[in-house]
Structure formats: structure tokens, C-alpha cells
Amino acid sequence: MDREETRKNKLIKRESVVSMGTATEQASVDWRGRPCKPNKHGGMTAAIFVLCLQAFEMMGIAAVGNNLITYVFNEMHFPLSKSANIVTNFIGTVFLLSLFGGFLSDSYLGSFLTMLIFGFVELSGFILLAVQAHVPQLRPPKCDMMLSKGQCMEAKGYKAMIFFVALYLVALGSGSLKPNIISQGADQFKKDDSKQSKKLSTYFNFAYFAFCTGELVALTLLVWVQTHYGMDVGFGVSAAAMALGLISLLCGTVLYRNTPPRGSIFTPIAQVFVAAITKRKQICPSNLEMLHGSQFIAPQQNLSGMASKGSTLIHTDKFRFLDKACIKKQDGSSTSESPWRLCTVSQVEQVKILISVVPIFACTIIFNTILAQLQTFSVQQGTTMNTRLAHNFKIPPASLQAIPYIMLIFLVPLYEIAFVPMTRKFTGKDSGITPLQRVGIGLFIATFSMVCAALVENKRRNYALNQNRTLSIFWIAPQFLIFGLSEMFTAVGLIEFFYKQSLEGMQSFLTAMTYCSYSFGFYLSSLLVSLVNKITSSSSSGSGGWLNDNDLNKDRLDLFYWLLAALSLVNFINYLFCSRWYSYNPSLLPVVPLHEPQPQGHDPENPN
């Protein structure tokens, strides 16, 4: 009996090492697929090349997205509300496709190859947009939409087809790139190393700094080029910026720590749900040891470098229904059961983590709906105001979005240099405050952006209708400044939260959930515009709704902004409940692979 017990314990130990160590041994490889060397691969040096791609790609996509409504309205001659929806649907699709890019990367291609392929897809979209904007035969005849009162010829047929093909090539490329840029840069640091963990937090701030730099250049230099030299030249410059980003990515090839793909990331998740449903009539045992894989729920002695010293894998009581997927047969045998009928505790806990982050994700959708207004209606708002800065110089309305990024260029380094070290002394957290606290601060501040926007729009409209005066365009600057400050907290906090809560082999996909929040926010914006027009049309005497007219002086954009302010406040209160409910699962540090492979014929104690 003693010999048999020793044999069983030895097998359990082997399974633990294999299931927890194999993925780690393969977690970091160089561009040739060889194991990475700590002194040669990764670190901030490698991450800089990815950050350059982040900045250049953002220059290209921001120059298109932030001024796209002007091109769609003035050149393609779509009505104002339809133009706003085209822009929000485009940007929403960009971020929704980030899920596709994250899945493709984690499952089949890896971050580097995914970025390379879809970088060229995005580049081709920019080039096609530039060609259409340059060739008059590919666009409707010139016409002033403000003076024609809806008589301009709208783009249809092959002209519209070329436009949408180009636009969604850009969306496919950019969407697939975004989560991989973040995860590839973050993969250059080890989360289970205390020194590297601090650098990882710094990297997320640098990534946002690169984002701000790209946005700033796009909203000043590139928008100015679009305004003075034409959209064709502007789109061409976006293509050039994208090309420079791809060159930067390639330059860092030999330095990258690459995480190889692990096959379908959804199969283990599906197995948990199938097994739990199959055993739905079973009663969860009170004794944890009766669950399959419970031998892993113990302090780990740094097995194969996977677990940090003293860390544990904790079973949680949330979503107890899923624990039924771990119930063994009554005879105690688990070898004969299929993975679709029996899962490990760690596998179930990972699915619980995925479910737990969904409410946090949902609370950021309204935040991104507000962002959609700043890129659409606020730009149109600026076109109705006095844009003259000097006698011969006018500010392009889209360039107002550069104001928060000018501020953030200084605030982000200050946040990293001063705020983080100061708060770190009180909280003991590597990032100063937790990612969830950072997101909450941002969501609270965002409400005031819409309050400010509503007050300014009411003042602008009254001046235009009652006094025949035009307000300076700088009156709408505060709403951009306030939202920029909120974005510094929310955007970076959310990316850091999802990456640090991500599971081994799912970094890109979970990071993509951050961008998916942008997508839902922009889609919700389109839905809200349509619903508001439909609901308010019956009470608006002949105006057809708050946002139905091409003339903002006749629309009630101020009321729409008040509606968003109210939704934002309700969303923040909801977030307080969700963030209090969420608990950081210790099983994430160390990160346990979602896949627990059982290689045949491999003995970790006897590799030969």
C-alpha cells in the first residue's frame, strides 16, 4: 500500500510539473522559435520598437477617424446624422475586430506575425482611400452641403463601394493590430518578477504616451495637411506613417520575446460549460479534495518557474455551478472520462475569472459612447463656430481634439514620475493605485465632460439664434480637456486590468476586450442617435428630432449631451457596485495556463 501511495503521489507531481511547466517553457521564444535569453531578449529596449509602431499607427488611423466626418459629409455627401453613424460604425468596427485579431494571435499566428500581416492590410486601405480622394471620377460631383439644402448627389454604386471597401480594410488592419501591439509590448516583461512588474506598469503608461503622441501629431499636423492640401494628401501621409510603423516593428525582430500560439483558446472554456451542464444534476461536494485537479490547489514551490514563491491557486465560491464540471465519478476514477465531461479546478477557476471581468468591461461602454460624440458632433459643433486664431490662420475643427493630448503629453510622464511613486508608498501597489481604482476615477470625471459640452452648446446655440453671434471655437476646448483627463485614468487602467488578469495564452484576446468596449460604445452612440431622433420627432414641431437636421442651430445637441451626462452618472454608480463585487483572484499570480496538456511519454524527472 505504501509503495502504491508513493507511486500515486509521484504521478500527481509529474502531472503538476507537466501541466504547469510545459506552457511556460514554450511561453517565450525568439524569432527563430528558440528559447529566449534574459540578457538578450525582451525588456524596455524591445518594447520601444512596439511603442513606435503604436505611435505611427495611431497617427495614421487617428488622422482618418477624427476628421472622417468632414470627408464623408463634404465629399461623399451623406447627410449629417448618417455621416455621424458611418464614422461611429467604422470606429466601432475597428475595435470590435480587435477580438478577431486577439483570437487569431493567441490561437494560431502569434502577436508578431498577426501585426505584420494586418499592418499591410491597413496600409492597403489607406492607399485606396488616398486614390479615391485624389481621383474626381471616384467621388460625387463637388457640392456645398450647407448651401444646397440636401440637393447634393450622395455617393452611390461603385463610388460608395470603393469608399467602404477602403474604409473597412483600414478597420480590419487596425482592429487586428491594436490588442497585439499592447500584448506584444507587455510580453517583453515578466509578470511574476517584482522588478519586471514595476516596469510593466511603466510600460502601460508609456504605451498611452505613445498613443497620445500619435493622436497629437494626427490632430495637428495631419489634419492641417488634410485641410490645406486636400484629403488625398492627408490619406497619403497616413499611409506613410503606417509604413514607418511597420519598419519599426521589423527592426525589433531579433529582440522580441514572442509567445507562441497555443491552439484554440475557446475549447477549454467550452469544455467547462459542457461538463457543467452535463453534470448539472450533481451536487457540489463540500470537500474540495473530491474535485478533479484539486491537487494543484496548494502552495507551489516555483514549479518550472511558473509560480512565484509562496503563491497559491485559490478555489473561489463564485459561480458554484461551474464546479460541477470537476466532479469525479463516484468510484474516484477520472482516467476514463472525456475532457468534455471532466475538467480540472484550475480550468474552471479560469473560466470564472473570464466571467468576472465582464461587468467591469460593460461599465466602460458609456464612457466610449461619450468619446464618440467628441469625434463626431463636437467636430461639427466646431465648424459652426469662429475658427480664426489670427488674421490668416484658422483652426481646423478636428484639431481641437489635440488639446487634451497636448495636456496629456505632460501629464502622463508626471503621473508616472510623481503620482505613482507617491501613492506606491501608501498603497504598496506597483502601479500606485489599482487598475480598478484608476478606471473608476476616469468614469467619474467623464460625466463632467458631457455637462460642460451641454452648457457650451446651449450657449453657442442661443448666441447664434438670438444674437446672431458666433462663439470662438475655444469654448468647446474644456469638454475635450476634461475627457482627456478621464481617458488617462480609464483607458490605461482598463488595459492594465485586462492584461494583468489575463490567462497564459490569452493575453491578446483579453486585451482586445478593452478595445471591444470602444466598439460597443461607438455602436451604442449610433443606436442612441437613431433612438433619440425617433423618440423626439413626435414632440419636435416639424424638426424631425433633436439630431435630425443638418443644421446644428435647429438641432438640440445640448439636450443630447445632457442625456449622456445622466447616463454617465448612472454608469459610474453601477461601476462602484461592480468593482466592489469583483475580487482579484490570487490564482492569476502566478498565471496558470488555460491549457493543461498531458504529453505522452514525457517524464519531467527523467528528460532523457
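Note that the coordinates shown come from a computational prediction; the quantities given were computed from them, not determined experimentally.

Rules behind the numbers
- Starting from 1, residues in each chain are numbered consecutively following that chain's sequence as written.
- The predicted origin of the model limits local features to residues at a pLDDT of at least 70 and limits the giving and counting of side-chain atom pairs to 80 or more, whereas totals for whole chains, interfaces and linings rest on all residues.
- As a convention, hydrogens and water are excluded, and side-chain values are obtained from all of the structure's heavy atoms.
- By the criteria applied, helices consist of DSSP H or I runs no shorter than four residues and strands consist of E runs no shorter than two, each listed in order from the N terminus.
- Think of it in three bands: with a 1.4 Å probe and only protein chains considered, a residue is buried below 20% of the maximum accessible area for its type, exposed above 50%, and partly exposed in between.
- What makes two residues a contact is simply this: any of their non-hydrogen atoms within 4.5 Å.
- For the area figures, the Shrake-Rupley method with a 1.4 Å probe applies, and any residue is considered shielded solely by the protein chains shown.
- For patch building, the residue pool is restricted to those with more than 30% relative accessible area and no salt bridge; the joining distance is 9 Å between like charges and 5 Å between nonpolar side chains (Val, Leu, Ile, Met, Phe, Trp, Tyr).
- Should a side-chain nitrogen of Lys or Arg be within 4 Å of a carboxyl oxygen of Asp or Glu, the pair is scored as a salt bridge.
- Pairing of aromatic side chains here covers Phe, Tyr and the six-membered ring of Trp, requires ring centres within 6.5 Å, and sorts the geometry by plane angle: under 30 degrees stacked, over 60 edge-to-face, intermediate tilted.
- In this text, buried Ala, Val, Leu, Ile, Met, Phe, Trp, Tyr and Cys residues form a nonpolar core when linked through side-chain atoms within 4.5 Å.
- Note on geometry: axes are lines fitted to C-alpha atoms, helical ones only across the stretch in contact, with angles between N-to-C directions running from 0 to 180 degrees.
- Here roughly perpendicular refers to angles of 65 to 115 degrees, roughly parallel to angles under 35, roughly antiparallel to angles over 145, and oblique to all remaining angles.
- A clockwise turn of the near helix away from the far one marks a right-handed crossing, whereas an anticlockwise turn of less than a right angle marks a left-handed crossing.
- Side-chain classes follow a simple rule in which Ala, Val, Leu, Ile, Met, Phe, Trp, Tyr, Cys and Pro form the nonpolar group, Asp, Glu, Lys and Arg form the charged group, and the remainder, Gly included, forms the polar group.
- Take the number of residues in a helix, subtract one, and multiply by 1.5 Å to get its expected span.
- Here the bend at a residue means the angle between the axes of two seven-residue stretches, the one that ends at it and the one that starts at it.
- When two cysteine sulfur atoms lie within 2.5 Å, the pair is treated as a disulfide.
- The pLDDT value tells you how sure the predictor is about a given residue, anywhere from 0 up to 100.

**Here we look at the overall build of the protein**
If you tally the helices and strands in the protein, you get 18 helices and 2 strands. Taken over 608 residues, the protein has a buried fraction of 56%. Taking the contacts inside the protein whose residues are at least 6 apart along the sequence as the reference set, 83% of them involve residues at least 24 apart. Taken as a whole, the protein presents about 26000 Å² of accessible surface, with 63% of it coming from carbon and sulfur.

**Some details on the side chain of Thr364**
As for its position among the elements, Thr364 is in the loop between α11 (345-362) and α12 (365-375). Owing to a relative accessible area of 1%, Thr364 belongs among the buried residues under this scheme. If we ignore the near neighbours within four places in the chain, the residues touching Thr364 are Val439, Leu494 and Ser517.

**Focus on a nonpolar patch on the surface**
Taken together, the side chains of Tyr158, Met161 and Val165 make up a nonpolar region of the molecular surface, amounting to roughly 310 Å² of accessible area. Mapped onto the elements, Tyr158 comes out in helix α7 (residues 157-186).

**Things to note about the packing of aromatic side chains**
Aromatic ring pairs are reported here in terms of the distance separating the ring centres and the angle at which the planes meet. Using the criterion set out here, one finds 20 aromatic pairs in the structure. Ring centres 5.7 Å apart and planes at 70° place the aromatic pair Trp224 and Tyr229 in the edge-to-face group. Consider the rings of Phe497 and Phe498, whose centres lie 5.4 Å apart with planes at 65°: the pair is edge-to-face. Each member of the pair, Phe497 as well as Phe498, is classed as buried. Counting every residue linked through ring pairs, the aromatic cluster contains Tyr71, Phe78, Phe163, Phe164 and Phe235.

**Focus: the pattern of salt bridges**
Counting across every chain of the model gives 6 salt bridges. We note a salt bridge from Lys352 to Asp323, for which the minimum N-O separation is 3.0 Å. In this pair, Lys352 is assigned in helix α11 and Asp323 in the loop between α10 (267-278) and α11, connecting sequence segments 29 residues apart. Among the ionic pairs, Asp558 bridges to Arg556, the shortest N-O distance being 2.9 Å. The buried category is assigned to Asp558, whose relative accessible area is 2%.

**Notes on the nonpolar core**
Counting 151 residues, the largest nonpolar core has Leu68, Phe90, Phe163, Tyr203, Phe204, Tyr208 and Phe560 as its most contacted members. Ranked by residues supplied to this core, first place goes to helix α8 (residues 194-229) with 13 residues. Excluding anything up to four places from it in sequence, Tyr203 contacts Met44, Ala47, Val50, Leu51, Ile181, Ile182, Gly185, Ala186 and Phe189.

**Some words on the packing of helix α2 (residues 43-65) against helix α9 (residues 231-251)**
Where α2 contacts α9, the axes come no closer than 8 Å and their chain directions differ by 165°. Between α2 and α9, the crossing angle belongs to the class labelled roughly antiparallel. The handedness of the crossing between α2 and α9 is left-handed. From α2, Phe49, Cys52, Leu53, Phe56, Glu57, Met59, Gly60, Ala63 and Val64 reach across to α9, where they touch Phe235, Ser238, Ala241, Met242, Leu244, Gly245, Leu246, Ser248, Leu249 and Cys251. Considering only residue class, the contact of α2 with α9 consists of 14 nonpolar, 4 polar and 1 charged.

**As for helix α4 (residues 80-109)**
For α4, built from 30 residues, the straight-helix expectation of 44 Å at 1.5 Å per residue is met to within 8% by its first-to-last C-alpha distance of 40 Å. Of all 30 residues making up α4, 22 are buried, and the element is well covered by its neighbours. Downstream of α4 by a residue or two, Gly110 has a phi angle that is positive, lying close to 85°.

**Quick notes on helix α14 (residues 402-427)**
The sharpest bend along α14 comes to roughly 40°, located at Tyr415. For α14, the set of buried residues is Ala402, Ile403, Pro404, Tyr405, Leu408, Ile409, Val412, Tyr415, Glu416, Val420 and Thr423. Positive phi appears at Gly428, one or two residues downstream of α14, with a value of about 75°.

**A few points about the state of the cysteines**
As enumerated under the stated definition, the model contains 0 disulfides in all. With no disulfide of its own, Cys52 has Cys251 as its nearest cysteine by sulfur position, at a separation of 9.2 Å. As a non-bridged cysteine, Cys363 has Cys578 as the owner of its nearest cysteine sulfur, 3.8 Å distant.

**A short note on the confidence of the model for the protein**
Mean pLDDT over the protein: 77, with 81% of residues reaching 70 or higher. Of all secondary-structure elements in the protein, the lowest mean pLDDT belongs to helix α1 (residues 2-25), at 40, while helix α5 (residues 111-134) reaches the highest, 92. Of the regions scoring below 50 in pLDDT, residues 589-608 engages in 56 contacts with residues more than four places distant in sequence or in other chains.

**Quick word on the environment of Lys142**
Within the secondary structure, Lys142 is located in the loop between α5 and α6 (145-148). If sequence neighbours within four positions are ignored, Lys142 has contacts with Glu75 and His77.

**What to know about unusual backbone geometry**
A positive phi angle, near 55°, is found at Asn468, a position not held by glycine. For Asn468, the position within the fold is in the loop between α15 (435-466) and α16 (477-500).

**Digging into the packing of α12 against helix α17 (residues 507-536)**
Viewed as axis vectors pointing N to C, α12 and α17 meet at an angle of 65°, and their least axial separation amounts to 7 Å. Every pair of crossing elements has a handedness; the one defined by α12 and α17 is right-handed. In this structure, α12 contributes Ile365, Ile366, Asn368, Thr369, Leu371, Ala372, Gln373 and Gln375 to the contact, and α17 contributes Ser517, Tyr518, Phe520, Gly521, Phe522, Leu524, Ser525 and Leu528. Of the residues contributing to the contact of α12 with α17, the split by class is 9 nonpolar, 7 polar and no charged.

**Digging into the environment of Leu113**
Tracing the backbone through its elements, the reader meets Leu113 in helix α5. In this structure, the C-alpha to C-alpha distance between Leu113 and Asn180, residues 67 residues apart in sequence, is 9.7 Å.

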